[in-house]
Amino acid sequence: MNRLVASALHVGIGAVLVLGLSACNRDANADGGVGGTAQAAGQDGAKYARVVSVTPVREQASAPQQVCHDEVVTQHKPVQDTHQIAGTAIGAVAGGLLGNQIGGGKGRTLATVAGAVGGGYAGHEIQANHQRNATTQTTQRRCETVPGNGGDKVVAYDVSYEYNGVTRTVRMDHDPGDKLQVQEGVVAVSDAH
């Protein structure tokens, strides 16, 4: 009986060694062995290729630009009669003519003088008010330099990967790390990590 147990033990140990060696060979073949490409099956049975390089694709910053627009500018008209002499004179004449229409004799003369003084003052104030509110509008072109967008921005990644001795390149929206999931030698899932 001891002999039977010993023989069974020897057969069991031999079987474990054979299975262990075949598993090692299978792993070595899956890793590409010496000089082979790295390809491995994940726990879910998916196949992965080895990432050789990842190159960021950048969008260049834009240069500063000049932006122009038309703008309406309101300015006061320049005053030519700074002492309002024309308004005073016209007001005095008009007031004198109106005063002259009133009364008779010395009253008429007094009314003419009063009308001339009042009309002169009124003409002066009317012209001064008109000059304060007299404006002109012109359209002027205004330009300013606005900066471009910030620095360079990464918009994608060109990823080179190797699978079964063949190197391919794919553009991705992220850096995949050191391996990519493949199916029939091409990237199967773009977001594999």
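Whatever comes next refers back to the structure up there.
Conventions used here
Residues numbered from 1 in each chain as written. Predicted model: local features only at pLDDT ≥ 70, side-chain atom pairs only at ≥ 80, totals over all residues. Heavy atoms only, no water. Phe/Tyr/Trp six-rings, centres within 6.5 Å; stacked < 30°, edge-to-face > 60°. Lys NZ or Arg CZ within 6 Å of the ring centre and 35° of its normal. Helix = DSSP H or I, 4+ residues; strand = E, 2+ residues; numbered from the N terminus. Expected span 1.5 Å × (residues − 1). Buried < 20%, exposed > 50% of the residue type's maximum accessible area, 1.4 Å probe, protein only. Arc of directions from axis to C-beta. Contact = heavy atoms within 4.5 Å. Disulfide = S-S within 2.5 Å. Core = buried A, V, L, I, M, F, W, Y, C linked by side-chain atoms within 4.5 Å.

1. Some thoughts on the packing of aromatic side chains
By convention here, two paired aromatic rings are described through the distance between centres and the angle between planes. Scanning all chains against the criterion turns up 0 aromatic pairs. Between the NZ or CZ atom of Lys179 and the centre of the ring of Tyr48, over which it lies, the distance is 4.5 Å.

2. As for helix H2 (residues 85-100)
Relative to the 22 Å expected for 16 residues at 1.5 Å per residue, H2 spans 22 Å between its end C-alpha atoms, a close match to the ideal helical length. Among all positions in H2, only Gly87, Gly91, Gly95, Gly96 and Gly99 are buried. For H2, the angular spread of buried residues about the axis comes to 155°, placing them on one side. What points out from H2, more than 90 degrees from its buried face, is the exposed set Ile85, Ile90, Val93 and Leu97. Looking at the buried positions of H2, the neighbouring elements they touch are helix H3 (106-133).

3. Section: the state of the cysteines
Taken as a whole and assessed by the stated rule, the structure comprises 1 disulfide. Residue Cys68 pairs covalently with Cys143 via a disulfide, S to S 2.0 Å. What sets the handedness of the Cys68 and Cys143 disulfide is the S-S torsion sign, and at about 110° it is right-handed. Placement of Cys68 in strand S3 (residues 65-76) and of Cys143 in strand S4 (residues 135-146) is noted, with a sequence separation of 75 residues between them. Look at Cys68 and you get partly exposed, because its relative accessible area is 30%. Under the relative-accessibility criterion, Cys143 is labelled partly exposed at 40%.

4. As for the nonpolar core
Formed by Ala49, Val51, Val159, Tyr161, Tyr163, Met172, Leu180 and Val182, the largest nonpolar core amounts to 8 residues. Of all the secondary structure elements, the ones that give two or more residues to this core are strand S2 (47-59), strand S5 (153-163) and strand S7 (179-183). Counting residues per element, this core draws most heavily on S5, which supplies 3 residues.

5. Focus on the environment of Ala122
Residue position: Ala122 is located in helix H3. Considered as a pair, Ala122 and Ile90 are 32 residues apart in the sequence and their alpha carbons are 9.6 Å apart.

Limitation: the analysis is restricted to geometry and does not speak to function.
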